[in-house]
Amino acid sequence: MKNDFIQWFDDSYKDYLQSYEDDDIKQAYSKEDYRFIFLSSYIFNVITYDDELDLQFGKKIYEVMKAIQDRTTFEYITEPDNYRNYILVCNLLNRFELIDWGTSIRGAWFSKNEIEKVAGCWELDGKVVYKNPVISIKELIKWLEIEKLEEK
């Protein structure tokens, strides 16, 4: 994965931990769990104001992306909860123009290899303040599968 993506994540995690130190109310999530919060909140801009929901959504987004990548969507959706999550996540991925599905959403595939329209790209007065890196979908999924992240 590109170093700028990892740097973006690391910087975001430091800010996240700082917000918990300042707040001193809640217990911060591990760096491993924060990957899924980051996926949901920063990459796909799912707004909940609830870290536990962000974590759950991030894990579901990952599961669906993995099923699409592995071409196991029909197996994945046999479980009713997975079916509902799959349909919702496919619509989210479609917003970012990442998937196509031809005549059936159940057989969706990635139409791009990279996420170019990352949600966390901010503008101020028409000028890009922070431009997020292009992210390889395959490398993103691989990164989400790592059990423990290296501490730098």
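The model shown is predicted, which means the values in this text are computed figures rather than measured ones.

1. What about the pattern of salt bridges?
Next up, step 1: For the structure shown, the criterion picks out five salt bridges.
Next up, step 2: The salt bridge involving E63 is made with K60; its shortest N-O contact spans 3.4 Å. A residue pair is termed a helical-turn pair when its members lie 3 or 4 positions apart in one helix, as E63 and K60 do in helix 3 (residues 51–70) at three residues.
Next up, step 3: With its nearest N and O atoms 3.1 Å apart, the salt bridge here joins D81 to R84. Taken together, the residues D81 and R84, both in helix 5 (residues 80–95) and three residues apart, mark about one turn of the helix.
Next up, step 4: A relative accessible area of 41% places D81 in the partly exposed class.
Next up, step 5: Here R84 falls in the partly exposed class, since its relative accessible area comes to 46%.
Next up, step 6: Here the salt bridges do not stand alone but share partners, grouping K66, D70 and E145 into one network.

2. Thoughts on the side chain of R35
Next up, step 1: In this fold, R35 is placed in helix 2 (residues 31–43).
Next up, step 2: Here R35 occupies a buried position and makes no salt bridge, while the nearest side chain of opposite charge, E32, is found at 5.6 Å.
Next up, step 3: From its side chain, R35 meets the backbone oxygen of W143 in a polar contact 3.0 Å long.

3. Considerations on the packing of helix 3 against helix 6 (residues 137–145)
Next up, step 1: Helix 6 packs onto helix 3 with a crossing angle of 125° between their chain directions and a minimal axis gap of 10 Å. In this view, helix 3 runs oblique relative to helix 6, as classed from their interaxial angle. Where helix 3 crosses over helix 6, the handedness of that crossing is left-handed. Contacts between helix 3 and helix 6 involve Y62, M65, K66 and Q69 from the first element and I137, K138, L140, I141, L144 and E145 from the second.
Next up, step 2: Residues of the contact of helix 3 with helix 6, tallied by class, amount to six nonpolar, one polar and three charged.

About the cut-offs
- Residues numbered from 1 in each chain as written.
- Predicted model: local features only at pLDDT ≥ 70, side-chain atom pairs only at ≥ 80, totals over all residues.
- Heavy atoms only, no water.
- Salt bridge = Lys/Arg side-chain N within 4 Å of Asp/Glu carboxyl O.
- Helix = DSSP H or I, 4+ residues; strand = E, 2+ residues; numbered from the N terminus.
- Buried < 20%, exposed > 50% of the residue type's maximum accessible area, 1.4 Å probe, protein only.
- Lys, Arg positive; Asp, Glu negative; His and termini not counted.
- Polar contact = N/O pair within 3.5 Å; in protein donor to acceptor, adjacent residues only side chain to side chain.
- Axes fitted to C-alpha atoms, helices over the stretch in contact; angles between N-to-C directions.
- Parallel < 35°, antiparallel > 145°, perpendicular 65-115°, else oblique.
- Left-handed = near helix turned anticlockwise from the far one by under 90°.
- Contact = heavy atoms within 4.5 Å.
- Nonpolar A, V, L, I, M, F, W, Y, C, P; charged D, E, K, R; others polar.

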